[in-house]
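# Working through the structure, step by step
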Amino acid sequence: MRRGLIAAVGCLLLLSQKAFAGWYQVENYEGSIGPNPVHLSLQRYASFGSGITVEGSYFYDAKQSPIAIYGKADGPKLTLCEIADDKEFQRVLVMGSKIPVDTTGCPLSLDLGESGATGTWSKGTDKFPVTLKKVATLDNTGEGKIVGNFEIPFWAETAIDRFAGVYTKTNAGICMTKMQVINKKKQKVVQEIGFDDPDCNAGMSTTPIYMNVQKWVEGGKGIISVDFGGGKFADADEYVLNPKSKKYHLKK
């Protein structure tokens, strides 16, 4: 069963923007916040709405739980806020704030360079240095280019797993060629899902690249949705978790 509505809902973020292929400019980093190793991914865009020009996802290696971030860019300098809960996620990233976002007091400040970024993370009395190395990039705004082994840490997660998209440049273009299911406690891939997708549309529908995989519960079962691009033919595949095998299977 396909769920085209999911892809459409995601695109509500940019009602004022024309949906077209070629909006992803994403950079991936590895490094640390204070003593803690992290992986961070940032997508730049002219406007996600509400004054937001940067969205991203990062996780502490020890916890493996993706944290959605958003903010503003002033040249190479970024000020980024963290999404605190599902209510804020819906208000800011799904529906879009009705007023311009205020990044004053947001915890993450970065100064981007050619090979990485430095900055600070601060909240209350806690303040830690941030040091990041750029490890991969994706840009499909022109001819299409991927540098390094490129993965997207999607915002979707369950109590047990997080999900990562492996993006590749194929003869048909750039797209997600497989999705990894990563057990957060074990910190390892426990399942890989490939796609029968000769047109290379998987993971290429929703403007924030991190929302191309979504999750919900239906009838007591965990559902993972993978969005596909393709203009008016944009759609989604649903995968249901088998409680016995602990594997996700394509929903018929």
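It should be noted that the structure appears before, not after, this text.
A quick note: this is a predicted structure, and the numbers were derived from the prediction, not measured.

The next point concerns the pairing of strand β11 (residues 161–170). Counted residue by residue, β11 has seven buried out of ten residues, so it is predominantly covered. In the sheet, strand β10 (residues 150–157) pairs with β11 via five bridges, with the strands oriented antiparallel. Residue pairing across strands places E157 opposite R162, the latter belonging to β11. Between the antiparallel neighbours β10 and β11 lie three residues. Where β11 lies against strand β12 (residues 173–183), ten bridges are found, and the strand directions are antiparallel. Its bridge partner being in β12, V166 is matched across the sheet by K178. Counting the residues between successive antiparallel strands, the hairpin from β11 to β12 contains two residues.

With that settled, the discussion passes to the pattern of salt bridges. Scanning the entire structure with this criterion turns up seven salt bridges. Across the salt bridge formed by K184 and E157, the nearest N and O atoms sit 2.7 Å from each other. Of this pair, K184 sits in the loop between β12 and β13 (188–194) while E157 sits in strand β10, and the two are 27 residues apart along the sequence. E157 gets classed as partly exposed once you look at its relative accessible area, which sits at 23%. In this structure, the salt-bridge partner of K251 is E218, at a minimum N-O distance of 2.6 Å. Linking K251 in the segment after β17 (247–250) with E218 in strand β14 (residues 213–218), this pair joins segments that are 33 residues apart in sequence. On the basis of relative accessibility, which here comes to 33%, the residue E218 falls in the partly exposed class.

A positive phi is found at Q187, a non-glycine position, where the angle reads about 60°. The class for Q187 is partly exposed, based on a relative accessible area of 42%. In this structure, K246 is a non-glycine residue whose phi angle is positive, near 60°. When you line up the elements, K246 lands in the loop between β16 (235–242) and β17.

Glancing now at the side chain of N140. Here N140 is to be found in the loop between β8 (126–139) and β9 (145–147). By relative accessible area, N140 is classed as buried at 13%. Within the structure, the side chain of N140 is placed 3.4 Å from the backbone nitrogen of W23, a separation counted as a polar contact. Here Y24 takes part through its backbone nitrogen, which lies 2.9 Å from a polar atom of the side chain of N140.

Calculation criteria
- Residues numbered from 1 in each chain as written.
- Predicted model: local features only at pLDDT ≥ 70, side-chain atom pairs only at ≥ 80, totals over all residues.
- Heavy atoms only, no water.
- Buried < 20%, exposed > 50% of the residue type's maximum accessible area, 1.4 Å probe, protein only.
- Helix = DSSP H or I, 4+ residues; strand = E, 2+ residues; numbered from the N terminus.
- Pairing = 2+ DSSP bridges.
- Salt bridge = Lys/Arg side-chain N within 4 Å of Asp/Glu carboxyl O.
- Polar contact = N/O pair within 3.5 Å; in protein donor to acceptor, adjacent residues only side chain to side chain.

Note that every value here comes from positions in space, so none of it alone points to a role or purpose.
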